[in-house]
Amino acid sequence: MADCLHTCKAVVAPATIGDGHDWSTVPGASQWISACTTLDDVDCIGVGPAGGKDDIVMWYRIQFDVPANWSDVTIDFTTKVDNAASVFLNGNQVGTRIIGGNHVSTFHESLSNGSLQAGTNNIIVRMEDWGGLSGINYRIDLNGLSTAPIVVIEPDSDGDGVPNSSDAFPNDPNEWADSDGDEIGDNADPFDNSSDSATVFVGDCDSGVGNQEMAPGAYFSDFIAEFGDSALHGNYVGAVSALANEWKKDGLISGRDKGKITSCAAQSDTGKPEPSKGKGKK
Ligand SMILES: [Ca+2]
Ligand SMILES: [Ca+2]
Ligand SMILES: [Ca+2]
Ligand SMILES: [Ca+2]
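Residues numbered from 1 in each chain as written. Chains lettered and ligands numbered in written order. Predicted model: local features only at pLDDT ≥ 70, side-chain atom pairs only at ≥ 80, totals over all residues. Heavy atoms only, no water.

Draft legend 1. View of the coordination of the calcium ion (ligand 3). Protein-derived coordination of the calcium ion (ligand 3) comes from Asp-178 (OD), Asp-180 (OD), Asp-182 (OD), Ile-184 (O) and Asp-189 (OD), at a distance range of 2.2 to 2.3 Å. When the donor residues of the calcium ion (ligand 3) are listed from N- to C-terminus, their spacing reads D-x1-D-x1-D-x1-I-x4-D. (Donors = N, O, S within 2.8 Å, 3.2 Å for Na, K, Ca; no water.)

Written out as structure tokens, the structure reads:
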């Protein structure tokens, strides 16, 4: 071809087509923009005719905004292309023409001396492909000073309205707090304020019996605490004793442990009248 710009017609033989590109990417750029799944796919960036029979030219546009209230703005643009490219910022060529996917083109421009402008900016990349897979990857670093206050929005990964930093379950949209720290969120926890004691307390009395977890978030002590408002001491002792008996029947505790729990209940002041003050008993 007489007007060939290149000394060769290198056919890029892709190791993989689609997700992967056999040339490296710009640091900070995650992938090549080259969405073709086959070389016959013409509805995507970067497919020259298979076999490299013809040069083709593609134009890729990157649009970005420089906020009006920014000053001292600079841009650093880095790109790699397959096979070659020239880069234009708002119509002016910037950087040097690059050839080869592992060659990097960079340019640095500022508002004061370059083609960069407040408002909408266009980077146009004139890409040339000589056959086979093609594509582009790039990175833009835009820096500037803003007179407007910067609002920092904390990330909220699960979208429950509670930012990650104060969300006890940052990946569970149904939970955000665990008041008793038993790793069951308050919404699912049948007892939000379980005691973290290793042994079962009946009132102030430590029974010495292990505080077993009966169901997620629910412990022996939670069920005993439910009887705390019993009006009469006798009723309270009876209720605790019946519960301990159930646990024994279910094989959760021994007869001895049942006795310890019941004994603690009997010693407790729960349901007993307030001690009288000032007047002695007859
Ligand atoms: Ca959250
Ligand atoms: Ca959450
Ligand atoms: Ca909990
Ligand atoms: Ca609990």
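Draft legend 2. Structural context of the coordination of the calcium ion (ligand 4). Coordination of the calcium ion (ligand 4) by the protein comes from Asp-180 (OD), Asp-182 (OD), Asp-189 (OD), Asp-189 (OD), Phe-191 (O), Ser-194 (OG) and Gly-217 (O), over a distance range of 2.2 to 2.7 Å. Spacing between the donor residues of the calcium ion (ligand 4) along the chain follows D-x1-D-x6-D-x1-F-x2-S-x22-G. A gap of 4.0 Å separates the calcium ion (ligand 4) and the calcium ion (ligand 3), which Asp-180 links by coordinating each metal. When its relative accessible area of 5% is taken as the criterion, Asp-189 is described as buried. (Buried < 20%, exposed > 50% of the residue type's maximum accessible area, 1.4 Å probe, protein only.)

Draft legend 3. Representation of the sheet that holds strand E7 (residues 135-146) in the model. The three strands are arranged E5-E2-E7 in an open sheet whose pairing can be described as antiparallel. What marks the edges here is a single partner per strand, and that holds for strand E5 (105-110) and E7. Averaged over all pairs of adjacent strands, the angle between their axes in this sheet comes to 10°, without regard to strand direction. As paired elements, strand E2 (residues 70-82) and E5 share six bridges and run antiparallel to each other. The residue of E5 that forms the bridge with Thr-79 is Ser-105. (Pairing = 2+ DSSP bridges. Helix = DSSP H or I, 4+ residues; strand = E, 2+ residues; numbered from the N terminus. Axes fitted to C-alpha atoms, helices over the stretch in contact; angles between N-to-C directions.)

Draft legend 4. The arrangement of the sheet that holds strand E6 (residues 119-129) in detail. The antiparallel open sheet is built from four strands, whose spatial order is E1-E6-E3-E4. Strands at the two margins of the open sheet, each flanked by one partner only, are strand E1 (56-66) and strand E4 (92-99). Strand-to-strand twist of the sheet, defined as the mean angle between neighbouring strand axes without regard to direction, takes the value 15°. Looking at chain direction, strand E3 (residues 84-89) and E6 are connected through six bridges and run antiparallel. Bridge assignment links Leu-89 to a residue of E6, and that residue is Ile-123.

Draft legend 5. The packing of aromatic side chains, seen in detail. Summed over all chains, the structure comprises five aromatic pairs. An angle of 50° between the planes, with centres 6.2 Å apart, marks the rings of Tyr-60 and Tyr-138 as tilted. A residue pair is termed long-range when its members are at least 10 positions apart, and Tyr-60 in strand E1 and Tyr-138 in strand E7 qualify at 78 residues. Assessed through its relative accessible area of 16%, Tyr-60 is described here as buried. (Phe/Tyr/Trp six-rings, centres within 6.5 Å; stacked < 30°, edge-to-face > 60°.)

Draft legend 6. Just the side chain of Asn-121, in detail. By the secondary structure assignment, Asn-121 is in strand E6. Taking relative accessible area as the criterion, Asn-121 reaches 0% and is therefore assigned buried. Here the side chain of Asn-121 touches Asn-90 through a polar contact of 2.7 Å, side chain to side chain. Residues in contact with Asn-121, not counting those within four places in the same chain, are Ile-62, Gln-63, Phe-64, Val-66, Leu-89, Asn-90, Ser-115 and Leu-116. (Polar contact = N/O pair within 3.5 Å; in protein donor to acceptor, adjacent residues only side chain to side chain. Contact = heavy atoms within 4.5 Å.)

Everything listed is a geometric property; what it means functionally is a separate question.
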